[in-house]
Number of protein chains: 2
Amino acid sequence: MAATRRPTLADVAREVGVSAKTVSRVLNEDGPSSPETRQRVLAAVAKLGFQPNLMARNIRVGGPDTTIGLIVPDMGNPFFGTVAGGVEDTVRDRGLTLLVGSSSDDPERERALIQTFLARRVSMLMVVPAVGSDHAYLKTQRAAGLPLVFLDRPGAGLSADCVVSSNRAGSQEGVTHLVARGHRRIGFVGDLPTRLYTRRERLAGYRAALEDAGIAYDRSLVTGAHDQRTAAEVTTRLLALPDPPTALYAANNIMALGVVAELARTGRKDVALVTFDDLPLAEILEPALTVVAQNPAELGHAAATTALARLDGDRTRARTVTVPTTLIARGSGELPPRDRPSAQVPAPARRG
Amino acid sequence: MAATRRPTLADVAREVGVSAKTVSRVLNEDGPSSPETRQRVLAAVAKLGFQPNLMARNIRVGGPDTTIGLIVPDMGNPFFGTVAGGVEDTVRDRGLTLLVGSSSDDPERERALIQTFLARRVSMLMVVPAVGSDHAYLKTQRAAGLPLVFLDRPGAGLSADCVVSSNRAGSQEGVTHLVARGHRRIGFVGDLPTRLYTRRERLAGYRAALEDAGIAYDRSLVTGAHDQRTAAEVTTRLLALPDPPTALYAANNIMALGVVAELARTGRKDVALVTFDDLPLAEILEPALTVVAQNPAELGHAAATTALARLDGDRTRARTVTVPTTLIARGSGELPPRDRPSAQVPAPARRG
DNA sequence: GTGAAAGCGCTAACAC
DNA sequence: GTGTTAGCGCTTTCAC
């Protein structure tokens, strides 16, 4: 069965005995058409199984395609999946279709995806920037009016709209929650080394909370990991310190999994814990997990709303939208420090 | 700043002082070109920031676009996110771009998405069919050679390639695990009422396991729920039966969350549990959760491989690929039935 | 090695 | 109410 040619407007027109333009008029409800031709055209369309070629249409009409390009680090991460869902829900009514790619947080892959999307003349571009990528090369597109929104993290090299969570304030709130329960040695388990915006912000929130409480920053309590396994490892390392933390703060959902798993594995129920990002089973852990929850669907929604406004001609200055986080106190942050004076009195230094 | 027109091939040609065709030749490495013109063309491309219009190219070349249409029920569900990732990883090398849409399991939405994708002349279509959707209308496209793969569940109304998990065998293995520990009353918590393929299969596996063990099927032990909350509710209802189950089997990840949460909330550590689908924290629950794990990335990979083979001219009969599941015994399935004779002896009926 | 002309499927602009 | 012509940005075909 050879791949038969798809029918075209001309085929339909021939079938009905009218001009191509008439068929086009009927299908797009553009200009007038007699009820009778209308019927016959629609019948022929159904008979031939004609489907207008959107690309051909687009090329003639000019302007951007009715697609939107979205780049995330990893679609399997429910955080980004939910972000994508938020975007789609918001643009659906406008008849826009989602073009999605994962960068795996690799700047080169991100750039290749952006090039592909630009070649497809997407109507807007929404990017979760990979660590270390520079977007200066997009200046021309921006100037030409392409809506560009950075998601979750700001882009580098040009000013553009940006939608992020309240990483710093949320982090500060979470750590303050621990400080208020008397903890003075609070371990930080964060993601990739430096450079990544969200880590910087969340670390800054951690430091701000300590500073507010008059607690000196101790570099040895701040650790970095890349995945659940390494997060578990640094948890062990932190708790083995001569003067170990009495509470931990995990800076994202992957780190949270690692810390939670490690505390469970070693049966440590005496360490208070707050995590950034909610987990599906947070409520049923013992103790139930206290988290600073993000709102990924709203992140996607806000990004789409911003981009749509640009598409509709909004030429005001680039703005940053901050989507608030929510502290959900469930119990794991309530533990007081053990074997230590509570509240503001510094713990005696125990070395060796 | 008015939206300036994007530069075209003709613009580049004018800049260099050659014909459009020469520029096209250079960029596509089609036909010969002198090193010198080559340089000048590339310089002009860079200077003008020219990006070939992929849609225009496609329209001229004919044939399908280099996109692939993927429809899932919900992108926020990590299962489908991971499936999408598996697809993308597999098609990336072929230069294909992913067009993604969520159907929310609504047949009308699914159909609208498919129409849009067809209008975009996708090179292949991969669909997780919504409950109750009929795909007979795609026969023409299939006949015309469009690769079509149903994912996770078979489609209805036409024969097409299909990639599914070993739902029945996996389910049977999970329930047999419980039977082998002496359970004879095993509650089933499944998803949407009837009609959904995966539920049918998983229920069939449950029944097969019982039958193998000579246990009569008890309709009152089989319950349906739609989300985590209702799964928790039916768990309660099951355990409140006059002759309650001593073990539970949850037929997907959402059900699993509901059952696990409810058992934890009520402190029931005496009920054995096996779930279909793994959970991120399964290992650290108490007892650790025994699961029948699916392999969503492999599902996406297999679907993409199949579709690519079709694209490359494979015209053999439609096939169904079954991706094996894996029983991961972690502990929650090890509990013997309490207050009951073990193994093959039937429990005394306790009524009222 | 390069160019001119035609045409992919569709619609804008103008006829009538 | 309908048809004609031209042209979107690109590539194919054929000529030089």
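Residues numbered from 1 in each chain as written. Chains lettered and ligands numbered in written order. Predicted model: local features only at pLDDT ≥ 70, side-chain atom pairs only at ≥ 80, totals over all residues. Heavy atoms only, no water.

Under the annotation held in an unreviewed UniProt entry, chain A carries the name LacI family DNA-binding transcriptional regulator and is attributed to Streptomyces coeruleoprunus.

Caption draft 1: Looking closely at the protein's contact with DNA strand C. For DNA strand C, the set of nearby residues contains 24 residues, the closest of which are Leu9 and Ser24 of chain A together with Thr22, Arg25 and Arg60 of chain B. Sugar and phosphate atoms constitute 59% of the interface atoms of DNA strand C, taking the interface as everything within 4 Å of the protein. Between DNA strand C and Leu9 of chain A there is a distance of 2.4 Å, counted from a phosphate oxygen to a backbone nitrogen or oxygen. At 3.1 Å, a side-chain N or O of Arg60 of chain B approaches a base nitrogen of DNA strand C. Among the elements that make up the surface near DNA strand C, the one with the highest residue count is helix H4 (residues 54-61) of chain A (five residues). (Near = heavy atom within 4 Å. Polar contact = N/O pair within 3.5 Å; in protein donor to acceptor, adjacent residues only side chain to side chain. Helix = DSSP H or I, 4+ residues; strand = E, 2+ residues; numbered from the N terminus.)

Caption draft 2: Fine view of the side chain of His177 of chain B. Residue and element names in this part refer to chain B. Tracing the sequence through the fold places His177 in helix H8 (residues 167-180). On the basis of relative accessibility, which here comes to 6%, the residue His177 falls in the buried class. Setting aside residues up to four positions removed in sequence, His177 forms contacts with Val274, Thr290, Leu327, Ala329, Gly333 and Glu334. (Buried < 20%, exposed > 50% of the residue type's maximum accessible area, 1.4 Å probe, protein only. Contact = heavy atoms within 4.5 Å.)

Caption draft 3: View of the protein's contact with DNA strand D. Near DNA strand D you find 24 residues, and of these Thr22 and Arg60 of chain A together with Leu9, Lys21 and Ser24 of chain B are the closest. Close to the protein, within 4 Å, the atoms of DNA strand D belong to sugar or phosphate groups at a rate of 57%. The backbone of Asn53 of chain B places a nitrogen or oxygen atom 3.0 Å from a phosphate oxygen of DNA strand D. Among the elements of the structure, helix H2 (20-28) and H4 of chain A together with helix H2 (20-28) and helix H4 (54-61) of chain B are those that each provide at least two residues to the surface near DNA strand D. The biggest single contributor to the surface near DNA strand D is H4 of chain B, with five residues. Grouping the amino acids of the surface near DNA strand D by side-chain chemistry returns nine nonpolar, nine polar and six charged. (Nonpolar A, V, L, I, M, F, W, Y, C, P; charged D, E, K, R; others polar.)

Caption draft 4: Seen up close, the sheet that holds strand S11 (residues 320-323) of chain A. Strand order across the open sheet formed by 12 strands is S11(A)-S5(A)-S4(A)-S3(A)-S1(A)-S2(A)-S2(B)-S1(B)-S3(B)-S4(B)-S5(B)-S11(B), with mixed pairing between neighbours. Looking along the sheet, the strands with just one partner apiece sit at the ends: S11 of chain A together with strand S11 (320-323) of chain B. Going from strand to strand, the sheet's axes swing by 20° on average, the running direction of each strand aside. When strand S1 (residues 67-72) of chain B meets strand S2 (residues 97-102) of chain B, the two strands line up parallel, connected through six bridges. Bridging across to S2 of chain B, Gly69 of chain B finds its partner in Leu99 of chain B. (Pairing = 2+ DSSP bridges. Axes fitted to C-alpha atoms, helices over the stretch in contact; angles between N-to-C directions.)

Caption draft 5: Structural detail: the interface of chain A and chain B. Contacts between chain A and chain B engage 53 residues on the former and 55 residues on the latter. Of the roughly 5100 Å² buried where chain A meets chain B, counting both sides, 57% is carbon and sulfur surface. In terms of surface lost to chain B, no three residues of chain A exceed Met55, Arg120 and Arg121 of chain A, which account for 15% of the buried area on that side. There are two salt bridges connecting chain A and chain B. Across the pair Asp65 of chain B and Arg120 of chain A runs a salt bridge, and its minimum N-O distance is 2.8 Å. Applying the counting rule to chain A against chain B returns 14 residue pairs in polar contact (both at pLDDT 80 or more). (Buried area = accessible area lost by both parts, 1.4 Å probe. Salt bridge = Lys/Arg side-chain N within 4 Å of Asp/Glu carboxyl O.)

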